[in-house]
Amino acid sequence: MIPRFKPDINHKEILGLFNVQDNAVEHFENIFKRKFKAVDAIAFPYGRSAQWAFFKSLNIKNSEIIMPAYTCSVVAHAISLSGNKPKFIDINLADYNMDLNQLENSINENTRAIIATHTFGYPQNIEWIEDIIKRAEKRFDRKIWFINDCCHAFGAKWKETLIGSSGDVAVYAFNISKLITSIFGGILTFQDKSLASKVRSFRDKHYKSPSWNKKISRRIYLLLVYFLFNKKSYDFLWYLKENTTFLDHLTKSYHLDNKIHFPPDYLDLMLQVEASVGAIQLQKYDSIIRNRIKKAYEYDLTLPRKEGWIFPPIIKGATYSHYTVRVKNRAKVIKDYAAKGIELGELIQYSIPHLSSYWEDGYNNKFPNSLEASKSTINFPL
Ligand SMILES: *Cc1c(COP(=O)(O)O)cnc(C)c1O
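Nothing here was measured: the structure is a model prediction, and the numbers come from that model.

When you tally the buried positions in strand β9 (residues 186-190), you get 5 out of 5 residues, the bulk of the element. Burial along β9 is two-sided: Gly 186, Leu 188 and Phe 190 facing one way and Ile 187 and Thr 189 facing the other are all buried. In terms of strand pairing, strand β1 (residues 40-44) meets β9 through 5 bridges, oriented antiparallel. The residue bridging Asp 40 from the neighbouring strand is Phe 190, located in β9. Here strand β8 (residues 169-173) pairs with β9 via 5 bridges, running antiparallel. Across the sheet, Val 169 pairs through a bridge with Phe 190, a residue of β9.

Listed below in structure tokens is the structure:
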């Protein structure tokens, strides 16, 4: 079975598990900020925890945070758990990003931040967002933070600007399904030193050293991932997934779409060993990105243009965290490809406002594109 995603890890990362410097996190932060054109970078145990910490550090609460209706649900969870409310905007079906035509009217006197997610690696028009924010700040006479969630958009560019190198703060995440991995983990990057130092003090005060147990189990986890993603063992994994609920149990504490929750260790510092792996991955980063772009172009040329299939746009500056096609009969397409030995992904099978924990009266018919994407997208292995 060809897996729907595969972390690019080899003996280097495995050696990195057993050769960890005491200042690995600091080192990772330093090389990361240079690579992603920021003045500071601060590491966290998860991307969601990083985003949560940003709101908490600045004491942003009882406010509205604008975000797209179709993205990873943890973005909304981080907003809710920090004591704020997500305000959803429907997406465009052309590139799966927040519909910027609806942005200006969604801002009100309660809005404190706007999150752009650059979904599937498609850069949003950041100049347009910045213009809207400037006007709104004048109108409501308050700061509105611009957050770039780069978890899908490592390396994407809007015109010549690297996504995440502008705005107030950028969020990156490194679990094994992301473009590069640090086992788990997340980072915030900043363009302003004093803003960063506020967040750093918050982290250093509220986050604690991980347990020994976790230091060991995270190493075992990456070893398992390394072995399970080779061909033979992945076939076995596939068998387990199709025939048992064993794997669901393993991922439950980490993520449930429909419940607003965080994993229990969300207030742990990033592990040194995670940073050690992350630093090794960062060296491969350019070739990983080049490869994904190449694969996306290949798919664009070679996938069969079946009736009713809608192909993703090929855009300059996009980095294709996922190559996503919309189809009518998703379950059948997935089954047909599985029979040919290719696992297709269903990355985001929900529209966040349609999840029961976020649903409100008045949402009826409000997010049609998000709903459509949640029902029809599949993604091909890159
Ligand atoms: C993966 C992801 C996150 C955060 O990931 P964690 O699992 O919390 O590290 C945030 N936003 C988006 C869009 C993501 O894809």
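Within a sheet, neighbouring strands are paired by backbone hydrogen bonds and run either parallel or antiparallel to one another. Within the open sheet, the 7 strands sit side by side as β1-β9-β8-β5-β4-β2-β3. Their pairing is mixed. Since the sheet does not close on itself, it has two edges, and those belong to β1 and β3 (85-89), each with one partner. Pairwise comparison of adjacent strand axes, ignoring direction, gives a mean angle of 25 degrees for this sheet. When strand β4 (residues 111-116) meets strand β5 (residues 145-149), the two strands line up parallel, connected through 4 bridges. The residue bridging Ala 116 from the neighbouring strand is Asn 148, located in β5. The sheet contacts of helix α6 (residues 126-140) involve β4 and β5, and relative to β5 the element is tilted by about 155 degrees. Contacting β1, β5 and β9, helix α7 (residues 193-206) runs over the sheet at an angle of about 20 degrees to β1.

Quick look at the environment of Ser 321 now. With respect to the helices, strands and loops of the structure, Ser 321 is situated in the loop between α11 (272-302) and β10 (323-326). Measuring from C-alpha to C-alpha, the distance between Ser 321 and Arg 218 comes to 24 Å, with 103 residues separating the pair along the chain. Other than its neighbours up to four places away in sequence, Ser 321 contacts Phe 120, Gly 121, His 152, Leu 179, Arg 292 and Leu 382. Within the structure, Ser 321 has its side chain in polar contact with the side chain of His 322 (distance 2.7 Å).

Counted according to the given criterion, the structure contains 37 aromatic pairs. Relative to Trp 145, the ring of Phe 54 has its centre 5.8 Å away and its plane inclined at 85 degrees; by these criteria the two rings are edge-to-face. Here Phe 54 is found in helix α3 (residues 47-57), whereas its partner Trp 145 is found in strand β5, with 91 residues between them in sequence. Among the residues examined, Phe 54 registers a relative accessible area of 1% and is labelled buried.

Looking now at the packing of α3 against helix α4 (residues 73-81). Direction vectors running N to C along α3 and α4 enclose 35 degrees, while the axes themselves pass 9 Å from each other. Crossing hand, α3 versus α4: right-handed. Note on element contacts: α4 touches α3 through Val 74, Val 75, Ala 78, Ile 79 and Leu 81, opposite Arg 48, Gln 51, Trp 52 and Phe 55. Per-class residue counts for the contact of α3 with α4 are 7 nonpolar, 1 polar and 1 charged.

Membership of the largest hydrophobic core comes to 62 residues, with the highest contact counts inside it found for Phe 54, Phe 55, Phe 88, Leu 188, Phe 190, Val 325 and Phe 380. For this core, the element with the most residues is α3, which contributes 5 residues. Excluding residues that lie within four positions of it along the chain, Phe 55 makes contacts with Ile 60, Ile 65, Ala 78, Ile 79, Ser 82, Asn 84, Ala 113, Ile 115 and Ile 147. If you look at the next biggest cluster of nonpolar residues, it comprises 43 residues, including Ala 43, Met 98, Ile 129 and Ile 144.

Attention now goes to the pattern of salt bridges. Summed over the entire model, instances satisfying the criterion amount to 25 salt bridges. For Lys 214, the salt bridge identified is with Asp 268, shortest N-O distance 2.9 Å. Separated by 54 residues along the polypeptide, Lys 214 in helix α8 (residues 212-228) and Asp 268 in the loop between α10 (246-251) and α11 bring together distant segments of the chain. By sharing partners, the salt bridges in this structure join Lys 208, Lys 214, Arg 218, Asp 265, Asp 268 and Glu 274 into a single network.

Moving on: the pairing of strand β2 (residues 64-68). Successive residues of a regular strand alternate their side chains across the two faces of the sheet. Counting buried positions along β2 yields 5 of 5 residues, so the element is predominantly enclosed. Every second residue of β2 is oriented toward a common face, with Glu 64, Ile 66 and Pro 68 on one face and Ile 65 and Met 67 on the other, all of them buried. Note: β2 against β4, 3 bridges, orientation parallel. Bridging from a neighbouring strand, Ile 66 pairs with Ile 114 of β4.

Moving on, we come to a nonpolar patch on the surface. Together, Trp 212, Ile 216, Ile 220 and Leu 224 make up an exposed nonpolar region whose accessible area comes to about 450 Å². Assignment of secondary structure puts Ile 220 in helix α8.

With 15 residues, α6 extends 21 Å between its outermost C-alpha atoms, agreeing within 8% with the 21 Å of an ideal straight helix rising 1.5 Å per residue. If you check which residues of α6 are buried, you get Ile 126, Ile 129, Ile 132, Ile 133, Ala 136 and Phe 140. The buried side chains of α6 occupy one side of the element, clustering within an arc of 120 degrees when seen end-on. Turned more than 90 degrees away from the buried face of α6, the exposed residues are Lys 134 and Lys 138. Check the buried side of α6 and you find it contacts α5 (103-106), β4, β5, β6 (157-158) and β7 (161-162). The opening residue of α6, the one whose side-chain oxygen lies 3.2 Å from the backbone nitrogen of Glu 127, is Asn 125. Of the residues flanking the end of α6, it is Asp 141, one or two places downstream, whose phi is positive at about 55 degrees.

So, how was this worked out
Residues numbered from 1 in each chain as written. Predicted model: local features only at pLDDT ≥ 70, side-chain atom pairs only at ≥ 80, totals over all residues. Heavy atoms only, no water. Buried < 20%, exposed > 50% of the residue type's maximum accessible area, 1.4 Å probe, protein only. Helix = DSSP H or I, 4+ residues; strand = E, 2+ residues; numbered from the N terminus. Pairing = 2+ DSSP bridges. Axes fitted to C-alpha atoms, helices over the stretch in contact; angles between N-to-C directions. Contact = heavy atoms within 4.5 Å. Polar contact = N/O pair within 3.5 Å; in protein donor to acceptor, adjacent residues only side chain to side chain. Phe/Tyr/Trp six-rings, centres within 6.5 Å; stacked < 30°, edge-to-face > 60°. Left-handed = near helix turned anticlockwise from the far one by under 90°. Nonpolar A, V, L, I, M, F, W, Y, C, P; charged D, E, K, R; others polar. Core = buried A, V, L, I, M, F, W, Y, C linked by side-chain atoms within 4.5 Å. Salt bridge = Lys/Arg side-chain N within 4 Å of Asp/Glu carboxyl O. Patch = residues over 30% accessible without salt bridge, like charges linked within 9 Å, V, L, I, M, F, W, Y side chains within 5 Å. Areas by Shrake-Rupley, 256 points an atom, 1.4 Å probe, with all protein chains shown as cover. Expected span 1.5 Å × (residues − 1). Arc of directions from axis to C-beta.

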